[in-house]
Amino acid sequence: MSVEVAIPDVTPGTGECPHWEDNTQRLVFVDITENSVCRWDSVTGTIDKVQLEDAVGCIVPCKKGGYLVGVGRNVAHLDWSSQKLTKLHEIPLNGVQNRLNDGKCDPAGRFWLGSMGKVLTFEPLAFDMNKAELYCLDTDGSFHKRMDKLTVSNGMAWTADHRTMYFIESIPGQIMAFDYDVSSGNISNNRTVVDLGNLDPSDPDNLGIPDGMTIDTDGNLWVAFYGTGLVVCFNPQTGKILRKIEFPCKRTTSCCFGGKNLDELYVTSAREGSTDEERQSFPATGSVFRVTGLGVKGFPANVYQGNC
């Protein structure tokens, strides 16, 4: 196994929500605090960026063209070539300054995305509590709230049999599982499969704050941990740690499988909130990293199947 910098210094703010486009061999991702979406061509090495009007939490491709993005409190369609942004839905203002955060498409092509409360401080990391929700944009264009009274909605993944959905609530640090109905999109039987418990940064056993997530073809979860520079693989059936990968940065944020054989792990990171000392110790912070030689593969990423 090896860890390398795939795209250096690409996100001076907060890199997040990587999505591998299997048909084009491109990686799309966002820089939340720089209000931008990025697209990297793994064949040519070209990086394109589109600047948006507000913090952008997530991006997913649409089968019929363009992308869906969570921008501020709005779900919108982005036409990449024209950079036209068409707003589709807006979530209500809740708390100090809530916004949309991580998002992903389910096996039926619905777009799930969550919100989060305002970041109050970076050191220690603190949020406006219990102001977040989890939403779903169905393929018919209808928009539904699925959960509320969350603090930071984050990573999502679905099992190969389409019967279980996994979801991270970063604060208080839990990986949840739901019974998932692929035909309706309904979720039920909420339970915690991994409880990170103590998020005290001074605890030597602290993994950090669970952030973005992906799933491999063995059904194991790969979770990026903010604050410690780790990606950790869990068996969700037992809650046990299978592997830990260390990165040359502290603020790893999310991950996805990519590459021609979907056997490379791409990991985003954040520079926003880092200190001068931290940047001197970890000059690659804000880069996208690539892990090879893991011996596992991911699934082709789902895209939105509805009309935009």
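As the structure is a prediction and not an experimental result, all values here were calculated from the model.

Caption draft 1: Representation of the overall build of the chain within the structure. Regarding its fold elements, the chain presents one helix and 26 strands. The C-alpha atoms of the chain give 17 Å as radius of gyration, which agrees with the globular expectation for 308 residues (19 Å, within 12%). Along the first, second and third principal axes, the C-alpha atoms of the chain reach 45 × 45 × 40 Å. Here the chain, with 308 residues, has 54% of them falling under the buried criterion. Across the chain, the fraction of contacts at a sequence separation of at least 24, relative to all contacts at a separation of at least 6, is 49%. Total accessible area on the chain is roughly 12600 Å²; 44% of this is exposed by carbon and sulfur atoms.

Caption draft 2: Quick peek at the UniProt feature "active site" (unreviewed entry) in the chain. Mapped onto the present numbering, the UniProt feature "active site" (unreviewed entry) falls at D211. Looking at D211, its side chain comes within polar contact range of the side chain of N154, at 3.1 Å.

Caption draft 3: Seen up close, the sheet that holds strand β17 (residues 164-169). Judged by pairing direction, the sheet is antiparallel, and its four strands sit side by side in the order β16-β17-β18-β19 without closing on themselves. Since the sheet does not close on itself, it has two edges, and those belong to β16 (153-158) and β19 (187-195), each with one partner. Strand-to-strand twist in this sheet, taken as the mean axis angle between neighbours without regard to direction, amounts to 25°. Bridge count for β16 against β17 is four bridges, and the pairing is antiparallel. Residue pairing for β17: W158 is matched across the bridge by M165.

Caption draft 4: Representation of the packing of aromatic side chains within the structure. Going through the model one piece at a time under the given rule, you end up with nine aromatic pairs. Pairing W40 with Y266 gives two aromatic rings, centres 6.0 Å apart and planes at 55°, and the pair type is tilted. Of this pair, W40 sits in strand β4 (residues 36-41) while Y266 sits in strand β25 (residues 264-269), and the two are 226 residues apart along the sequence. As far as burial versus exposure is concerned, W40 and Y266 are alike and both buried. Joined through ring pairs, the aromatic side chains of W20, W40 and Y266 make up one cluster. Note that R39 overlies the ring of W80, its terminal NZ or CZ placed 4.4 Å from the centroid.

Caption draft 5: Seen up close, the side chain of T253. Its place among the elements puts T253 in strand β24 (residues 252-258). In this view, T253 contacts T14, G15, E16, D211, G212, A224, Y226, T268, S269 and A270; residues no more than four positions away in its chain are not counted.

Caption draft 6: Up close: unusual backbone geometry. Put simply, I171 and P172 share a cis peptide bond, and its omega is 20°. Here P172 lies in the loop between β17 and β18 (174-180). With a phi angle near 55°, N35 is a residue other than glycine that sits in the positive phi range. Take N35: it is sitting in the loop between β3 (26-31) and β4. Phi is positive for L262, which is not a glycine, with a value near 55°. Checked against the element boundaries, L262 lands in the loop between β24 and β25. Judged by its relative accessible area of 8%, L262 is buried.

Caption draft 7: Layout of the sheet that holds strand β22 (residues 230-235). Here four strands make up an open sheet; going across it, the order is β20-β21-β22-β23 and the pairing antiparallel. At either margin of the open sheet sits one strand with a lone partner, and together these are β20 (209-215) and β23 (240-246). For this sheet, the mean inter-axis angle between neighbouring strands, taken without regard to orientation, is 25°. With six bridges connecting them, β22 and β23 associate as antiparallel partners. Bridging across to β23, V231 finds its partner in I245.

Scoring rules and cut-offs
Residues numbered from 1 in each chain as written. Predicted model: local features only at pLDDT ≥ 70, side-chain atom pairs only at ≥ 80, totals over all residues. Heavy atoms only, no water. Helix = DSSP H or I, 4+ residues; strand = E, 2+ residues; numbered from the N terminus. Rg over C-alpha atoms; globule rule 2.2 N^0.38 Å. Buried < 20%, exposed > 50% of the residue type's maximum accessible area, 1.4 Å probe, protein only. Contact = heavy atoms within 4.5 Å. Areas by Shrake-Rupley, 256 points an atom, 1.4 Å probe, with all protein chains shown as cover. UniProt positions renumbered as here; feature names shortened; annotations may be inferred. Polar contact = N/O pair within 3.5 Å; in protein donor to acceptor, adjacent residues only side chain to side chain. Pairing = 2+ DSSP bridges. Axes fitted to C-alpha atoms, helices over the stretch in contact; angles between N-to-C directions. Phe/Tyr/Trp six-rings, centres within 6.5 Å; stacked < 30°, edge-to-face > 60°. Lys NZ or Arg CZ within 6 Å of the ring centre and 35° of its normal.

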